[in-house]
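Structural overview for review
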Amino acid sequence: MSSLFPALTGGPTGRTALRFGDRSLTYGELGAASGALAARIGGAGRVAVWATPALETAVAVLGAVEAGVAAVPLNPKSGEKELGHILSDSAPTVVLTAPGDELPSPLRHLERIDVDVHATGQGPGVHTTDADPALVVYTSGTTGPPKGAVIPRRAITATLDALADAWQWTGADVLVHGLPLFHVHGLVLGILGPLRRGGSVRHLGRFSTEGVTRELNDGATMLFGVPTMYHRIAQTLPDDPELAKALARARLLVSGSAALPVHDHERITAATGRRVIERYGMTETLMNTSVRADGEPRAGTVGVPLPGVELRLVEEDGSPITSYDGETVGEIQVRGPNLFTEYLNRPDATADAFTTDGWFRTGDMAVRDPDGYVRIVGRKATDLIKSGGYKIGAGEIENALLEHPGVREAAITGEPDADLGERIVAWIVPEDPQSPPSTDELADHVARRLAPHKRPRVVHHLTALPRNDMGKIMKRALGRD
Ligand code: MCA
Ligand code: AMP
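So, how was this worked out
Residues numbered from 1 in each chain as written. Chains lettered and ligands numbered in written order. Predicted model: local features only at pLDDT ≥ 70, side-chain atom pairs only at ≥ 80, totals over all residues. Heavy atoms only, no water. Core = buried A, V, L, I, M, F, W, Y, C linked by side-chain atoms within 4.5 Å. Buried < 20%, exposed > 50% of the residue type's maximum accessible area, 1.4 Å probe, protein only. Contact = heavy atoms within 4.5 Å. 1 Å grid on protein atoms, 1.4 Å probe; cavity = no way out; pocket = protein on both sides within 12 Å on 5 of 7 lines; lining within 4 Å. Points joined across faces, edges and corners; volume = space filled by probe spheres on them. Helix = DSSP H or I, 4+ residues; strand = E, 2+ residues; numbered from the N terminus. Nonpolar A, V, L, I, M, F, W, Y, C, P; charged D, E, K, R; others polar. Near = heavy atom within 4 Å. Polar contact = N/O pair within 3.5 Å; in protein donor to acceptor, adjacent residues only side chain to side chain. Pairing = 2+ DSSP bridges. Axes fitted to C-alpha atoms, helices over the stretch in contact; angles between N-to-C directions. Areas by Shrake-Rupley, 256 points an atom, 1.4 Å probe, with all protein chains shown as cover.

1. Quick look at the nonpolar core
Counting residues in each nonpolar core, the largest one holds 128 residues, and the members touching the most others are Leu-18, Ile-41, Leu-96, Leu-135, Trp-167 and Ile-191. With residues near it in sequence (within four places) discarded, Ile-191 still touches Leu-18, Phe-20, Ala-58, His-177, Leu-181, Gly-186 and Val-201. Of all hydrophobic cores here, the second largest spans 16 residues; its members include Trp-50, Ala-70, Val-95 and Val-136.

2. Brief notes about the layout of surface pockets
To find leftover empty space, one rolls a probe the size of a water molecule over the atoms. The calculated volume of the second largest pocket comes to roughly 480 Å³. As for the second largest pocket, its lining consists of 22 residues, and the residues nearest its centre are Thr-382, Asp-383, Ile-412, Thr-413 and Lys-475. When contributions to the lining of the second largest pocket are tallied by element, the ones reaching two or more residues are β21 (384–387), α12 (394–402), β23 (407–417) and β24 (421–430). Looking at the lining of the second largest pocket, its residues break down into eight nonpolar, six polar and eight charged.

3. Digging into the site of ligand 2
In the vicinity of ligand 2 lie 15 residues, with Arg-279, Thr-283, Asp-364, Lys-386 and Lys-391 positioned nearest. Within the backbone of Ala-258, a nitrogen or oxygen atom sits 3.4 Å from a nitrogen atom of ligand 2. Interatomic distance of 3.3 Å between a side-chain N/O atom of Glu-278 and a nitrogen atom of ligand 2. Take the shell around ligand 2: its biggest share by element is five residues, from strand β13 (residues 277–282). Partitioned by chemical class, the residues of the shell around ligand 2 number six nonpolar, four polar and five charged.

4. Notes on the sheet that holds strand β16 (residues 310–314)
Here we have four strands laid out as an open sheet, ordered β16-β17-β19-β20, and antiparallel in their pairing. The strands lining the two open edges of the sheet, one partner per strand, are β16 and β20 (374–379). The mean angle between the axes of side-by-side strands here comes to 45°, regardless of whether they run parallel or antiparallel. Both strand β17 (residues 330–335) and strand β19 (residues 360–368) contribute to a ladder of four bridges, which runs antiparallel. Residue Glu-331 lies in a different strand from β19, and its bridge partner there is Met-365.

5. Observations regarding the site of ligand 1
Taken together, 26 residues lie near ligand 1, and Lys-77, Arg-206, Arg-232, Ser-257 and Arg-279 sit nearest. In this structure, an oxygen atom belonging to ligand 1 sits 2.7 Å away from a side-chain N or O atom of Arg-232. In this structure, an oxygen atom belonging to ligand 1 sits 2.8 Å away from a side-chain N or O atom of Arg-457. Bound to the protein, ligand 1 loses 73% of the 1,100 Å² it would expose on its own. Elements that contribute at least two residues to the shell around ligand 1 include exactly α6 (184–197), α8 (227–236), β13 and α13 (439–449). Residues belonging to the shell around ligand 1 are distributed by class as follows: 10 nonpolar, eight polar and eight charged.

So, in structure tokens, the structure goes:
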């Protein structure tokens with residue numbers, strides 16, 4: 001434990017580590033609570049964490065790390081199909097949750113442990129190695145259900161220490177964010193990051209520009225967010241001088257999980273004099289690149305490879321692109337200690353994800369500027385949609401829609417959306433063209449089965465889907481008359 005979070009055992013115990021609304025824990029309290037939990041769950045195999053934006057989620061994950069058991073963070077808004085898949089795939093023995101939280105039926109057969117954030121105890125002092133799994137984080141692919149990326153302890157320390165170098169991130173920093181805690185961005189960067197540095201995090205519960213203003217005006221030094229959050233900030237700034245003042249005060253404004261449009265960069269800079277910096281990562285790789293705090297901020301780029309990360313661009317045939325000309329597009333491949341080890345129970349998918357010499361194929365397409373800055377220009381797979389910073393696979397939603405009795409055929413695409421980056425569009429052939437299911441009904445159906453952020457925002461009705469001679473749906477033809 002001490003090697004992952006030295007401040008929990010060695011630092012000043014009275015310093016605030018975490019704050020969620022009006023609830024907070026000092027390092028001393030956090031160490032005692034996570035130690036007590038670790039003593040209870042040692043040897044539990046994998047544990048599921050009902051990852052609400054609350055102190056209990058942070059204590060649960062730290063307790064698991066200390067006990068040397070892998071934590072599987074669950075989206076509390078997951079629908080029954082998604083939750084059922086994650087539980088049967090990851091096979092946790094226990095679910096860790098906040099007292100009083102009501103759990104849905106797929107979780108009720110598991111032993112439930114209510115996390116007591118005021119407990120005091122000491123962890124079991126288990127021996128762990130760098131290669132041991134710390135987290136299993138589920139991430140969508142183009143087809144089929146989400147895959148569990150197994151993230152070793154080494155990847156977490158490597159990525160957080162590389163970011164500390166790039167961002168001059170120290171224990172004096174106070175981070176504010178309102179990100180969900182069941183993905184890498186909010187959990188690894190947003191909670192484990194400050195704790196590894198011995199700093200503080202103030203979680204907003206849910207993102208709001210008011211919360212950002214309040215915390216940055218009250219001593220917070222860094223803000224993390226997805227582009228949708230920065231877009232909402234950019235929209236609010238013209239009418240909100242307090243928000244402008246608060247952002248101007250921050251030491252570092254960081255965006256990631258999707259591309260932040262240059263227009264939003266520019267609006268924020270014009271109103272605050274500050275530049276948002278972007279970093280680029282993935283569930284499977286944690287963080288790969290970033291604009292450095294001491295580097296030249298440049299809108300539209302994700303900066304340079306982080307210390308320890310090898311990054312290359314390759315042609316379609318796998319040959320590396322050596323020119324840094326800002327023009328030649330290739331797929332980003334990465335190698336380094338920040339990588340996941342495997343997709344749980346999916347040796348086939350794991351093997352496909354790596355080249356024979358150990359490079360991970362990200363599927364992201366980019367160019368490199370002459371000074372090494374990476375500029376992401378697109379994605380290989382059109383069936384992956386990034387909406388609100390969430391990665392969403394078209395196939396998953398198509399399968400869910402086909403389970404609706406009113407849907408005969410379905411295809412999912414993404415289209416540009418100023419707020420979400422991309423919005424999910426469903427193209428369906430209804431069973432009964434006279435009474436097709438409504439947009440709300442299909443959105444609810446997907447939200448209930450998968451998760452609300454996977455729901456289609458727009459539904460088009462067609463008499464047939466465009467298909468090629470092989471019967472494959474031609475998504476590029478959708479929407480064209
Ligand atoms: C609406 N809602 C519904 C329905 N319609 N619920 C059930 N059924 C429906 N039909 C609810 C939603 O659950 C939500 O509730 C509320 O109504 C508003 O929904 P929506 O408009 O979809 O959400 P939003 O408030 O506009 O969300 C925008 C957001 C969110 C806050 C930016 O998209 C977000 O938190 N994104 C973060 C994604 C992220 O962390 N990605 C990291 C993964 P409620 O508001 O209560 O929830 S990427 C990663 O980790 C890599 C490593 C990286 O690089 O970072
Ligand atoms: P996820 O699989 O949800 O972890 O999302 C990872 C993907 O998010 C990457 O493969 C990229 O496509 C995208 N991404 C993350 N950060 C950025 C960024 N700063 N700019 C553009 N795309 C990004």
